[in-house]
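Below are the chains, spelled out letter by letter.
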Amino acid sequence: IRESDIVVAKETLQPTIVAGAPGDLVHTVTVRNDGPSDMTGATFCDAPVIDLTGVIPVSVVGTGGGTVGALGSCTDGGRDGWEWVGDLADGQEETLTLTLTIGPSAIEQVIDNVVTWTGSTGGETEVGDGANSANATTEVEREIDLVVDKVDNGDPNVAGDGTDLIHTVTVTNN
């Protein structure tokens, strides 16, 4: 009998992000095999709870020899995700990094990014304490910075001289 204890952790250093602000949202997943056996074809699904309006998946990158599928290569709870498949030797740890660009049209939401161990191709039994899933959350906020400028066509304007007074108002969202 081949048995392994899979441990999954997920973190983000960005509990909040502003839609359209410079910089990407990064969530990091760590998966580890605490043994005692090696695991062949350990499979994980990273499926964030997210409205993709204005959100651009940049990359999901794994370390080591595993492969990462495209968005939709796995599902978890009815959500499309990225599947990572790779061998995990006893004591081996792998890191997966999910990078998203949160564009200016992204809606206010909480991104609950869940990663779950879904099995192995080698038939190993998971014998751990159930720490086979982890999540990290980030709140997407929207902010505006309005600048209002008003100019007129000149002073002084004399009543009755036939000259119209024109005000031009410009509003800019920085």
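Draft legend 1. Structural context of the overall build of the protein. On a plain count of helices and strands, the protein comes out with 0 helices and 14 strands. Overall, the protein shows an N-to-C arrangement of helices and strands of β-β-β-β-β-β-β-β-β-β-β-β-β-β. Over its C-alpha atoms the protein spans a radius of gyration of 26 Å, topping by over 25% the 16 Å that the globule rule assigns to 174 residues. Projecting the C-alpha coordinates of the protein onto the three principal axes gives extents of approximately 100 × 25 × 25 Å. Counting over 174 residues, the protein shows a buried share of 33%. Within the protein, counting contacts between residues at least 6 apart in sequence, those at least 24 apart form 73% of the total. Surface accessibility of the protein: about 9300 Å² in total, with carbon and sulfur atoms responsible for 50%.

Draft legend 2. Spatial organisation of the confidence of the model for the protein. Residues at a pLDDT of 70 or more form 99% of the protein, whose mean pLDDT is 87. Mean pLDDT across the elements of the protein bottoms out in strand 5 (residues 55–62) (78) and peaks in strand 2 (residues 16–18) (94).

Draft legend 3. Region of the structure containing the nonpolar core. Ranked by internal contacts, the top residues of the largest apolar core, which has 13 residues, are I6, V8, V31, A42, F44, W84 and L88. Elements represented by at least two residues in this core include exactly strand 1 (3–12), strand 3 (25–36), strand 4 (39–49), strand 8 (79–88) and strand 10 (109–120). With 3 residues, the single largest contributor to this core is strand 4. Setting aside residues up to four positions removed in sequence, F44 forms contacts with I6, V8, V31, W82, E83, W84, L88, V115, T116, W117 and T118. In terms of nonpolar packing, the next biggest core, distinct from the first, is built from 12 residues, I17, L25, A106 and V140 among them.

Draft legend 4. Spatial organisation of the pattern of salt bridges. For the structure on display, the rule yields 5 salt bridges. A salt bridge links D46 to K10, with the shortest nitrogen-to-oxygen separation between them at 3.0 Å. Linking D46 in strand 4 with K10 in strand 1, this pair joins segments that are 36 residues apart in sequence. Accessibility classification places D46 together with K10 in one group, the buried group.

Draft legend 5. Spotlight on the sheet that holds strand 3. Pairing within the open sheet is mixed, and its 5 strands lie in the order 5-9-3-1-11. The open sheet terminates on both sides in strands that have one partner only, identified here as strand 5 and strand 11 (125–126). Two elements, strand 5 and strand 9 (residues 93–102), share 7 bridges in a ladder whose sense is antiparallel. Following the sheet pairing, P57 is matched in strand 9 by L100.

Draft legend 6. Focus on the state of the cysteines. Enumeration according to the criterion identifies 1 disulfide in this entry. The partner cysteine of C45 in its disulfide is C74, sulfur to sulfur 2.1 Å. Looking down the S-S bond of the C45 and C74 bridge, the torsion is 85°, so its handedness is right-handed. Taken as a pair, C45 in strand 4 and C74 in strand 7 (residues 74–76) lie far apart in primary sequence, 29 residues in all. For C45, a relative accessible area of 1% corresponds to the buried category. Note on C74: relative accessible area 8%, which makes it buried.

Scoring rules and cut-offs
- Residues numbered from 1 in each chain as written.
- Predicted model: local features only at pLDDT ≥ 70, side-chain atom pairs only at ≥ 80, totals over all residues.
- Heavy atoms only, no water.
- Helix = DSSP H or I, 4+ residues; strand = E, 2+ residues; numbered from the N terminus.
- Rg over C-alpha atoms; globule rule 2.2 N^0.38 Å.
- Buried < 20%, exposed > 50% of the residue type's maximum accessible area, 1.4 Å probe, protein only.
- Contact = heavy atoms within 4.5 Å.
- Areas by Shrake-Rupley, 256 points an atom, 1.4 Å probe, with all protein chains shown as cover.
- pLDDT = per-residue confidence, 0-100.
- Core = buried A, V, L, I, M, F, W, Y, C linked by side-chain atoms within 4.5 Å.
- Salt bridge = Lys/Arg side-chain N within 4 Å of Asp/Glu carboxyl O.
- Pairing = 2+ DSSP bridges.
- Disulfide = S-S within 2.5 Å.

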